[in-house]
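The primary structure of each chain is shown beneath.
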Amino acid sequence: QVQLVESGGGLVQAGGSLRLSCAASGIIFSINAMGWYRQAPGKQRELVATITSGGSTNYADSVKGRFTTSRDNAKNTVYLQMNSLKPEDTAVYYCNAEIKRWAWMREYDYWGQGTQVTVSS
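Residues numbered from 1 in each chain as written. Predicted model: local features only at pLDDT ≥ 70, side-chain atom pairs only at ≥ 80, totals over all residues. Heavy atoms only, no water.

Draft legend 1. Local environment of unusual backbone geometry. In this structure, N76 is a non-glycine residue whose phi angle is positive, near 50°. Residues other than glycine seldom take positive phi values, yet S84 does so here, at roughly 50°. Structurally, S84 is set in the loop between β8 (77-82) and β9 (91-100). Under the relative-accessibility criterion, S84 is labelled partly exposed at 40%. (Helix = DSSP H or I, 4+ residues; strand = E, 2+ residues; numbered from the N terminus. Buried < 20%, exposed > 50% of the residue type's maximum accessible area, 1.4 Å probe, protein only.)

Draft legend 2. Focus on the pairing of strand β7 (residues 67-72). The two faces of β7 differ: F67, T69 and R71 on one face are buried, but T68, S70 and D72 on the other face are not. Pairing of β7 with β8 involves six bridges; the strand directions are antiparallel. What sits directly across from T69, in β8, is L80. The hairpin turn running from β7 into β8, its antiparallel successor, is four residues long, and N76 in that turn takes a positive phi close to 50°. (Pairing = 2+ DSSP bridges.)

Draft legend 3. Main features of the state of the cysteines. Taken as a whole and assessed by the stated rule, the structure comprises one disulfide. Here C22 pairs with C95 through a disulfide, and the sulfurs are 2.1 Å apart. Its torsion about the S-S bond being -80°, the disulfide of C22 and C95 is classed as left-handed. In this pair, C22 is assigned in strand β3 (residues 18-26) and C95 in strand β9, connecting sequence segments 73 residues apart. We note that C22, like C95, is buried. (Disulfide = S-S within 2.5 Å.)

Now the structure itself:
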């Protein structure tokens, strides 16, 4: 069984910073892309940032220049550094990973349980 466990959410004032972490554990042969998504109340889940196993990154336009994603492949962990936070960044943030559990298996998507980020004005 594979688990993604997120940490680092919380309440912060506008202009502040938070750092989210997401660690994958269990039987894991390899991890391809990892990423972050968010869902605000009444809205659909949206992409925030992704990072490949080689370190290539992709960001939503709304967070470019403010958020940075990185990963530690040895620890199966992905990070999201969020700076200059705005009230519109308030959402539940979910970690995602494309994981191959065994060499002969295809990759499957796994999701974390979500962590709340609230930015006050």
